[in-house]
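# Observations on the model geometry
Each chain, written out:
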Amino acid sequence: MKIHKFKSIILGVPGFLIYYITINRYISGIRRQKMKNGGRCMLLKTIRKKKIWQFLIGIGLAIGCNAGEPSCTSFTFQADELAAANAGMTKKSVEAGSRKTPVWIFDGKRGKTAVSGKCEGIPAGYKGMQVEIAVLSVADETVSDFEDVYRVRLVQKHPESGEVVTKFSGPPVRTRLTGRPMESRTILLESCCPVKPDLPISFSIERCAGDFGDTFKHDTGLVSATFTPVRESIIPFTVESRPGYNSWPMMQADGNKLVCTYSRGSAHVTSEPKRNVYVRSSVDFGKTWSPEAIVTADTVYGEVPIGKGLDENGKLLFWVRRQGIGERRHDLYRTADGVHFEYVVMPDLDPVPMQITDVFHVPTVGLMALWFTGNYGAEKLNAWGTLVSRDNGNTWTQYTVEDALPHKEWMTEPSAVYLGDGRILAVGRIEYSPDSAERAQFQMESDDYGKTWKRSKTNITDVMMSTPSLIYDRETGLVSNYYYQRGRGMLKRRVAKIDEIWGKPLAWPDPEIIVFGDSATVDAGNVNATAIGRKHYLAYYSGETPNTSVLVAAVPAPATERRQK
């Protein structure tokens, strides 16, 4: 097992003091030596006299320290340090590059094959364990049009009683093969497995050859598995935390001001009549928020903000859904200051959407938003499409893109961005929740200003009713896809160059964790993102029934994409 140390446990203050005292003595010595030699710096003599090793030790202590933080160590297990987890597994040496490499052979036709091992527990102060594997194709030819699927499983037991205290199964991870045989790929299987500190971890790495997404029917070889402890994330700002189910925020930047709408009720129920829509704004980038104001407080309908955007004049728009027993309607509001809201229109739509999402501008067309409807069941009653306004939001025309969709093909709660040259990219969540790579976000593309669309499954499988929110940066050509992995309590981001994923929905790069939240399945999630300058602001809610809070996380805009290794 190869161990990689990333942090020292030496305290930062002593290290810095040693560094400071040593370098000052060193500089003073050089100055005195200059004067003694008539201005000529006898550097070598000075080093011998002043013992430059003290200086180097000071630097080492200063760099190595991180006051009070535990040691962060990654554990890499080569194939020889792993064991077969089921019958029929074989291990052999293959020529990878210029040397022989031992690998465990994963059968491409036999269903699930796995290897197992055990690693040390994480120290206190960490959230969990990241898991990566290195695999290669051992077939004579490899075609990049195929994918394979892997997952990790973890178990922790009490050292005395033997009782299972942690049992975790990661989502199936679908990745595309390279075009060359014997070329190693590093695959991120799990961003953060939830494990208890200071308890050994038994793990298995599994290839899911029978999964929907595993289309490569040839053998692959596992080279290694690496486990790395994951730290706590950034601390979000609180928008609203008073008692109640504060939820479903929609946030829009207005210059340097953030305007966040949200609703509050008693539970995860959108139709309760006492659920109203409120607003707060921030002029210091989310640190503090204005007093709560009411947007709308209908006594008959439950009200929830469902979409946001800007009109042609830069004024803020917010969609509000009003839902009662057997009735659902959508109202559009406009505001110039984030305090006073003007009712604009309630479009007459058929089919009636379950939700209308964020508004965006499409040149030569006008304002556009996506909608979806359905019954969340297995019947073919699900549909989605576009809404278009050519008069700055006063009237809307509805278009249906797909209807009669089965549950597993139903795209919901989409987010869309206009890319230029008639191209629109959208990502939608999936309601279908099997334990396979079929549970993946959808990608929709239009290259004719939204007239026609192509919908595909992505490789984004670390989702559970995970609503996406996109931000496109025209300067860098990067698109950020934010989503909350429900049931796991992680708000994540995937960043890609648009040309790397356009037409290639299975090429989304690895995710990164932005912030941790509560892991209750439906009582946390629904991120909605906006941007001010080079920073992204992410509104979401987190907690557990009956009390949840609306939060905002601030994160720098990405400068580069995060690719698979």
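Just so it is clear, the structure is predicted and the values come from calculations on it, not from any experiment. (Residues numbered from 1 in each chain as written. Predicted model: local features only at pLDDT ≥ 70, side-chain atom pairs only at ≥ 80, totals over all residues. Heavy atoms only, no water.)

## Here we look at the confidence of the model for the protein chain
Averaged over all residues, the pLDDT of the protein chain equals 87, while 85% of them reach at least 70. Scored below 50 in pLDDT, residues 29-51 shows 19 contacts in the model against residues more than four places distant or in partner chains. For the stretch residues 57-70, pLDDT sits under 50, and the model shows 30 contacts to residues farther than four places along the chain or on other chains. (pLDDT = per-residue confidence, 0-100. Contact = heavy atoms within 4.5 Å.)

## Topic: the pattern of salt bridges
Between side chains of opposite charge, a pair can form as their charged atoms come close. This model, assessed by the stated rule, comprises 32 salt bridges. Here aspartate 214 ties to arginine 207 by a salt bridge, and the two come within 2.9 Å at their closest N and O atoms. The closest approach of N and O atoms between arginine 242 and glutamate 292, which form a salt bridge, is 3.6 Å. Of the two residues, arginine 242 is situated in the loop between strand S14 (237-240) and strand S15 (245-254) and glutamate 292 in the loop between strand S17 (276-282) and strand S18 (293-296); the sequence distance between them amounts to 50 residues. The partly exposed category is assigned to glutamate 292, whose relative accessible area is 22%. Salt bridges linked by common partners bring Glu240, Arg242, Arg264, Arg280 and Glu292 together as one network. (Salt bridge = Lys/Arg side-chain N within 4 Å of Asp/Glu carboxyl O. Helix = DSSP H or I, 4+ residues; strand = E, 2+ residues; numbered from the N terminus. Buried < 20%, exposed > 50% of the residue type's maximum accessible area, 1.4 Å probe, protein only.)

## Topic: the pairing of strand S26 (residues 382-389)
Counting buried positions over the 8 residues of S26 gives 8, a clear majority of the element. Taken together, the 7 bridges between strand S25 (residues 366-373) and S26 define a ladder with antiparallel strand orientation. Across the sheet, the residue bridging to alanine 369 is leucine 387, located in S26. As defined by bridge partners, S26 adjoins strand S27 (residues 397-405) across 6 bridges and the pair is classed as antiparallel. Its bridge partner lying in S27, glycine 385 is registered against threonine 400. (Pairing = 2+ DSSP bridges.)

## Examining the sheet that holds strand S31 (residues 454-457)
Read from one edge of the open sheet, 4 strands run S28-S29-S30-S31, paired in antiparallel fashion. The open sheet is flanked by strand S28 (411-420) and S31, the only strands paired with a single partner. Across the sheet, the mean angle separating the axes of adjacent strands is 20° when strand polarity is ignored. Sheet analysis places strand S29 (residues 423-430) next to strand S30 (residues 442-446), joined by 5 bridges and oriented antiparallel. Residue glycine 428 lies in a different strand from S30, and its bridge partner there is phenylalanine 442. (Axes fitted to C-alpha atoms, helices over the stretch in contact; angles between N-to-C directions.)

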